[in-house]
Amino acid sequence: NQIANSGLQDICVVSNVKYKTTQKNVWKENLMLNRTVTLSDGSTTDIKIGVIGETQPVLSSKRTKYSNTLSTQKIVDSTREQAVSLKEAGADLIVVLAHCGISQENTSSFYSNDGYLLTKIPEVDVVLCGHSHQYFPSDRAENAKYYELPGIEKETGLVNGKNMIMVADKGAAIGIADLTITKKADSSIQIADRTSTIR
């Protein structure tokens, strides 16, 4: 009832949370956005953007215990499945919004830092994440640890060639993934250039 009354039932995407008894998704499993965009040569084209939403597999227990009501899937496993499904459905670009931080490997905090690992999924183009209340890309001293990970370009902020952005909490900033795309001879979309910035 709360979900329906919130007005978010048809627009909220949380790919890795299901009802325990029915195994049906609580929110939308994924979302396909159809947009008309201007290409780098000035022409326009229609593109399909697949959206995947992931949350912490260990759900909050601050107000309610969900262990007997909801079941969750690991962020990386869920994203892999959703990305393949969206590509098969015709997605030109795939964006992941994930409640997670950044680390090279799964951690003891039950996969709370999967942002980096999501950039290694071939079908994923952009990862927008947040959990540790820090910034990426950023030249702040406390974020230097992120640049020790392999495949991170300090100059561009790209991670394994993909956009990955993390912002702090309480609306302190906005992260922007700026993609320049071209249309190939076979009408498929190709990313010609990309930048990640924090404002």
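Predicted model only: the values in this text are computed from it and were never measured. (Residues numbered from 1 in each chain as written. Predicted model: local features only at pLDDT ≥ 70, side-chain atom pairs only at ≥ 80, totals over all residues. Heavy atoms only, no water.)

Q: Explain the pattern of salt bridges here, please?
A: A full pass over the atoms with the stated rule returns two salt bridges. Here D77 ties to R80 by a salt bridge, and the two come within 3.6 Å at their closest N and O atoms. Pair noted here: D77 and R80 are both in helix α2 (residues 75-88), with a separation of three residues, about one helical turn. Residue class for R80 comes out partly exposed when judged on its relative accessible area of 44%. (Salt bridge = Lys/Arg side-chain N within 4 Å of Asp/Glu carboxyl O. Helix = DSSP H or I, 4+ residues; strand = E, 2+ residues; numbered from the N terminus. Buried < 20%, exposed > 50% of the residue type's maximum accessible area, 1.4 Å probe, protein only.)

Q: Is there a simple way to explain the packing of aromatic side chains in this structure?
A: Note on aromatic pairs: each is described by the distance of the centres and the angle between the planes. What the rule picks out here adds up to two aromatic pairs. A centroid spacing of 6.1 Å and a plane angle of 85 degrees characterise the contact between F136 and Y146, whose relative ring orientation is edge-to-face. Of this pair, F136 sits in the loop between β6 (126-129) and β7 (158-159) while Y146 sits in the loop between β6 and β7, placing them ten residues apart in sequence. With respect to burial, F136 and Y146 carry one shared label: buried. Ring geometry for F136 versus Y147: centroids 5.3 Å apart, planes at 35 degrees, classification tilted. (Phe/Tyr/Trp six-rings, centres within 6.5 Å; stacked < 30°, edge-to-face > 60°.)

Q: Even after reading the chapter, I still don't get the pairing of strand β5 (residues 93-98), so can you show me in this structure?
A: Along a regular strand, successive side chains alternate from one face of the sheet to the other. Within β5, five of the six residues are buried, which leaves it mostly tucked inside the rest of the structure. Sheet topology note: the β5/β6 ladder contains four bridges and is parallel. Residue V96 lies in a different strand from β6, and its bridge partner there is V127. (Pairing = 2+ DSSP bridges.)

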